[in-house]
Amino acid sequence: MIVIDEQNIIIRNYIAYLEFLNQKLSKFFESQKPYIFCKKGCGQCCKHSQFPYSAIEFRYLLSGALTLDNKTQKKIELNIKNILEKKKKSRAKKFLYDCPFLIDNVCSVYNYRGVICRTFGLMTSTENQKIKAPFCAFKGLNYSNVLNLRKKNISVRKFKKLNTTSEPLGFNVSYKYLTCTDYEEAFNIKFGESKPLIEWFL
Ligand code: SF4
Ligand code: SF4
């Protein structure tokens, strides 16, 4: 008798969704090349945040962590322990922390990272057509060469100076949208409950 593992099918479908997402986001990043300054070892987007993760994303992330060497796994475990201790003492309504999977400023589970992590660095467009720069624009990184940071809009003067035909654009890459039921139906997956990454370790 052939036994079909339902969980494996779900993960296989999730991987297909991630491949689709990667293709979509790669096109966005490619079109924004003149404004993107991401490089390995930056890692600022992996710090001081909440990192929403759904059940399926978390499961896949863990499967990636299990492929790491023992030393790296131990570092991640220690990071998780330290963050949870800080969380216990914190009175903040919105507890912010550095991602425990960030080791030496590099994502240790890059190929297994969640949806939100894949969108870091793009400019987003909101439902009312407003654009929102990534936080690192204010640190002299992505889009800082084309934004008027005081007025929080695109500077025509800066854009002209860059002498590029690629327009700075915002994309609908909100976590809510990328994990909506349309995608669940299209890829036959269920994202499941979503919560800050660290809360999956409670
Ligand atoms: S999983 Fe990786 S990319 Fe995502 S926040 Fe953590 S270190 Fe950054
Ligand atoms: S999105 Fe911003 S903070 Fe993150 S790696 Fe790129 S430049 Fe650095």
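Now for a description of the structure that goes with this document.

The rules behind each value
Residues numbered from 1 in each chain as written. Chains lettered and ligands numbered in written order. Predicted model: local features only at pLDDT ≥ 70, side-chain atom pairs only at ≥ 80, totals over all residues. Helix = DSSP H or I, 4+ residues; strand = E, 2+ residues; numbered from the N terminus. Buried ≥ 20, exposed ≤ 12 C-beta atoms within 10 Å, placed from the backbone. Contact = placed C-beta atoms within 7 Å. Near = placed C-beta within 6 Å. Nonpolar A, V, L, I, M, F, W, Y, C, P; charged D, E, K, R; others polar. Core = buried A, V, L, I, M, F, W, Y, C linked by C-beta atoms within 7 Å.

## Some words on the overall build of the protein chain
Consideration 1: If you tally the helices and strands in the protein chain, you get seven helices and eight strands.
Consideration 2: Overall, the protein chain is about 65 × 45 × 30 Å in size when its C-alpha atoms are taken along their principal axes.
Consideration 3: Out of the 202 residues in the protein chain, the part that is buried amounts to 21%.
Consideration 4: In the protein chain, the proportion of contacts linking residues at least 24 apart, taken out of those at least 6 apart, comes to 72%.

## Some details on the site of ligand 1
Consideration 1: Around ligand 1 sit Cys46, Phe51, Cys99, Phe101, Leu102, Cys107, Val109, Arg113 and Cys117, and that is every residue in its neighbourhood.
Consideration 2: The residue makeup of the shell around ligand 1, split by class, is eight nonpolar, no polar and one charged.

## Side note on the site of ligand 2
Consideration 1: Taken together, the residues surrounding ligand 2 are Phe37, Cys38, Cys42, Gln44, Cys45, Phe120, Gly121, Pro134, Cys136, Leu141 and Asn142.
Consideration 2: Tallied by class, residues from the shell around ligand 2 come to eight nonpolar, three polar and no charged.

## Topic: the nonpolar core
Consideration 1: Residues Tyr14, Phe51 and Leu197 are the most contacted members of the largest nonpolar core, which totals 19 residues.
Consideration 2: Of all elements in the fold, only helix H1 (6-31), helix H2 (55-65) and helix H4 (115-119) reach the threshold of two or more residues within this core.
Consideration 3: Apart from the residues lying within four places of it in its own chain, the contact partners of Tyr14 are Ile56, Tyr60 and Ile189.

Geometry only, nothing functional implied.
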